[in-house]
Amino acid sequence: MADTGWPGCARGLKGVILDMFGVLYEGGEGDGTAIPGSIEAVRKLKDSDLQLRFCTNETQAAREAFVAKLHRLGFDMSVSEVFPPAPAAVAVLKERGLRPHLLVYDALLPEFDGVDKNDPNCVVIGDAAEKFSYQNLNEAFRVLIDLEKPLLFSLGQGRYYSDPDGLKLDVGVYMKALEYACDLKAEVIGKPSSAFFQSVLNDMGLQPHEVLMIGDDLVNDVGGAQHCGMKGVQVRTGKFRPSDERHPTVTADGTVDDLAQAVDMILSQRR
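What you see is a predicted model, and the numbers here were worked out from it, not measured in a lab.

On to helix H7 (residues 218–227). Counted residue by residue, H7 has 7 buried out of 10 residues, so it is predominantly covered. Listed in full, the buried residues belonging to H7 are Leu218, Asn220, Asp221, Val222, Gly223, Gly224 and Ala225. As for H7, its buried residues are in contact with helix H6 (194–204), strand E12 (211–215) and strand E13 (231–235). Among the residues of H7, the N-terminal cap falls to Asp217, whose side-chain oxygen and the backbone nitrogen of Val219 are separated by 3.0 Å.

If you want it as structure tokens, here you go:
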């Protein structure tokens, strides 16, 4: 009988999905810093028979610029292997004929160049950092409240993330504020959305039980992957908190010190 637990489940894997911030690298001056062992861990996965994709809720840079930063840090990846929320949001907007009011980081705006933004009939928010001012949030609120059927898209729903100067509020906090003010439920594009994970699985041509997700966010990375039918392993880097191992609703299939340890455990099961 196949071993469905961690790390034995690695023997039946055909693919791995990696979160990026907090798993591959951490913030800091310039491009940030690669987490020790993570560059080599990615290389080992690329040299294996496993398919590899990168799934991120990064919304402070356009995809090409974001991948270029990871290249400068030493990581081997192509743009087509990286799945952030913004391109998925653009596809949804175009498919549904929607015109967004954008509350996103300035560096992300080029992703939306091909989208009509006149007379907005929805709002899209991402991790806008310092742009989450009262004035900007209130402007987004006014757009929504004036619509007959208000529609809010959130690029992820994280509560907070880790930066060198400490934890910082993430987009989910502001999403919840607009949900409450407008009495609506946002559509989340990005982790932990099952549709977002499924789009990555579709690109890989694999079934959920054939793929493992590795991330630092217990709820959005691990819990989101598990809800989609994948296994989820949490690393003790990035936003990991010791209390995660006692979480009341989400239990990781495995917890490891870092990506390097996770990859070594995966590959050791496949020899």
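Before going further, it helps to spend a moment on the sheet that holds strand E11 (residues 187–188). Pairing within the open sheet is parallel, and its 4 strands lie in the order E6-E7-E8-E11. Each end of this open sheet is capped by a strand with a single partner; those strands are strand E6 (100–103) and E11. Relative to strand E8 (residues 152–154), strand E7 (residues 122–125) runs parallel, the two sharing 3 bridges. Each residue of the ladder has a partner; that of Val123, found in E8, is Leu152. Contacts between helix H4 (residues 134–145) and the sheet are confined to E6, E7 and E8, with E6 contributing the most and set at about 160° to the helix.

Moving on, we come to the side chain of Asp19. By secondary structure assignment, the location of Asp19 is in the loop between strand E1 (15–18) and strand E2 (25–26). With a relative accessible area of 4%, Asp19 lands in the buried category. Those residues in contact with Asp19 that lie beyond four places of it in its chain are Leu24, Cys55, Thr56, Lys191, Met213, Ile214, Gly215, Asp216 and Asp221.

Next up on the list: the layout of surface pockets. Within this model, the largest pocket holds a volume of roughly 810 Å³. For the largest pocket, the lining is made up of 40 residues, of which Phe21, Tyr25, Glu58, Asp127 and Tyr161 are closest to its centre. When contributions to the lining of the largest pocket are tallied by element, the ones reaching two or more residues are E2, helix H2 (63–73), strand E9 (160–163) and H7. It is E9 that contributes the most residues to the lining of the largest pocket, 4 residues altogether. Considered class by class, the residues forming the lining of the largest pocket number 12 nonpolar, 13 polar and 15 charged.

Each value, and the rule that gives it
- Residues numbered from 1 in each chain as written.
- Predicted model: local features only at pLDDT ≥ 70, side-chain atom pairs only at ≥ 80, totals over all residues.
- Heavy atoms only, no water.
- Buried < 20%, exposed > 50% of the residue type's maximum accessible area, 1.4 Å probe, protein only.
- Helix = DSSP H or I, 4+ residues; strand = E, 2+ residues; numbered from the N terminus.
- Contact = heavy atoms within 4.5 Å.
- Polar contact = N/O pair within 3.5 Å; in protein donor to acceptor, adjacent residues only side chain to side chain.
- Pairing = 2+ DSSP bridges.
- Axes fitted to C-alpha atoms, helices over the stretch in contact; angles between N-to-C directions.
- 1 Å grid on protein atoms, 1.4 Å probe; cavity = no way out; pocket = protein on both sides within 12 Å on 5 of 7 lines; lining within 4 Å.
- Points joined across faces, edges and corners; volume = space filled by probe spheres on them.
- Nonpolar A, V, L, I, M, F, W, Y, C, P; charged D, E, K, R; others polar.

By themselves, these observations are geometric and do not establish any function.
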